[in-house]
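Chain residues, written in single-letter form:
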Amino acid sequence: MIRLRIAVASVAALLLVALGVFGSPAAPAAPIAPAALIAPAAPTGAATTSVPQQFDPATVERLDAAITDTMERTGIPGVSVGVWIPGRGTYEKSFGVSDTSTGTPMKTDMHMRIGSVTKTFTVTGLLQLVDQRKVGLDDLIDKYVPGVPQGGHISLRELAEMRSGLFNYTDDEKWEQSLRDDPQRSYTPQELLDYSFAHRLNFPPGSKWQYSNTNTVLLGLVIEKVSGQPLGAYLEEHVYAPLKLQQTSLPTNAALPEPYAHGYTDDTQPGAPTATATGDTVDATHWDPSWAWAAGAMVSTLDDLHTWVPALVNGRLLKPATQKQRLAFGPTGIPNVSYGLGVMRVNGWIGHNGELPGYETLAVQLPGQQATLVILINSDDDYRGQSLSTLMGRAVTSVVTPDNVFDIPSAPQSPTTSPSAS
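Residues numbered from 1 in each chain as written. Predicted model: local features only at pLDDT ≥ 70, side-chain atom pairs only at ≥ 80, totals over all residues. Heavy atoms only, no water.

A separate point is the environment of Glu161. Within the secondary structure, Glu161 sits in the loop between helix H4 (156-160) and helix H5 (173-181). Between the C-alpha atom of Glu161 and that of Phe329, which follows or precedes it by 168 residues, the distance is 8.6 Å. In this structure Glu161 touches Trp209, Tyr339, Gly340 and Leu341, once residues within four positions along its chain are discounted. (Helix = DSSP H or I, 4+ residues; strand = E, 2+ residues; numbered from the N terminus. Contact = heavy atoms within 4.5 Å.)

Membership of the largest hydrophobic core comes to 74 residues, with the highest contact counts inside it found for Phe121, Ile141, Leu156 and Leu218. No other element matches helix H10 (residues 302-314), which puts 7 residues into this core. The residues contacting Leu218, other than those within four sequence positions of it, are Ile141, Val145, Val148, Leu159, Leu166, Leu193 and Phe197. Val60, Ala66, Ile377 and Val396 belong to the second-largest nonpolar core, a separate cluster that totals 39 residues. (Core = buried A, V, L, I, M, F, W, Y, C linked by side-chain atoms within 4.5 Å. Buried < 20%, exposed > 50% of the residue type's maximum accessible area, 1.4 Å probe, protein only.)

Turning our attention to the packing of aromatic side chains. If you walk through the whole model with that rule in mind, you get 7 aromatic pairs. The interplanar angle of 80° and the centroid separation of 6.1 Å between the aromatic rings of Tyr169 and Trp175 together place this pair among those described as edge-to-face. An identical accessibility class is assigned to Tyr169 and Trp175; each is buried. Between the aromatic rings of Trp209 and Tyr339, the centroid separation amounts to 5.7 Å while the plane-to-plane angle is 55°, which identifies the pairing as tilted. Pair noted here: Trp209 is in the loop between helix H6 (189-197) and helix H7 (213-227) and Tyr339 is in strand E10 (residues 337-339), with a separation of 130 residues, a long-range link. (Phe/Tyr/Trp six-rings, centres within 6.5 Å; stacked < 30°, edge-to-face > 60°.)

Here it is, written out as structure tokens:
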């Protein structure tokens, strides 16, 4: 996510910028009073699901306290946290509620929308085609997709590393209004690109770094053209299946697999119907995620992301030379944050964050310790200008890896410059 605030967000949403939300078709939800976020049936700070803990009791106690303190301070309704560090321990717990109207506890097996973490899957799919010599990273996008502004000067590499200069369609006011008017609307990839292509490039290709969901949508179209498969089918066959990610998918509608956690957002955010905006919290679970597509529409679980992150960082599905190119991180202009090919590095942690209406995700690994961290939150309401996944990531890593605290600065970044999932 660097962040697609509405869209698909986050490297600060990642970096304060953007990704989105989705579920099964349903009429727009009625506003939920803020007080409902803490359901009496299951206090926000209470752990509701856990597995045997292998960390020492003192570390577990500190983690529990850090997580519950962050939830209480920020109003997070529910969260699942997984920390796996070889030789030190394992920690998997859920806290709070998955449904504020019923008080149903959050559980570690629940499906949630993962926003811009989707980008790590899409770019992996592209890099597999590079390994097969079906595409080249330095191929120009107009070889595969017609009508891209300056498409004869933008390479697939520049798209994957967020250096194309293409306008981020989720920053377009007309797109934002269309989403507000109908959160259940379904978008085609070309419709999303049309919002972007109505604008001039923000800078010459390759000259700067700027987070843009437009880049990853284009890469999704490249995968479809070259493979001859729909993006979801391609990823299922070539990415999910080899790693046995049985709970991960790219939805073609607003449905969520059972069991799932409801997602909550401020109804003044993009995607919430303008006519009913009151500043209250609404249930965004079943808003259609097609607006995020290859950039942020995927669904997954804590266990699947625990499998995915090490495979992503170790290059399990790619040739070593290709993985080396993927991890050639370049500057973003954000302190301690750099970006490779569809993947970010924050103070040593490699992976991605994600954000879209109702959900936030953090899925990263610290290679030096082989430490894996996955956080799934069923809200995307920023707290004092910072994304919830960053705040929770900071709290957890301050306990388990104090020399490598995950933290993305909240200022002076803007949604167009941050690596976020929305």
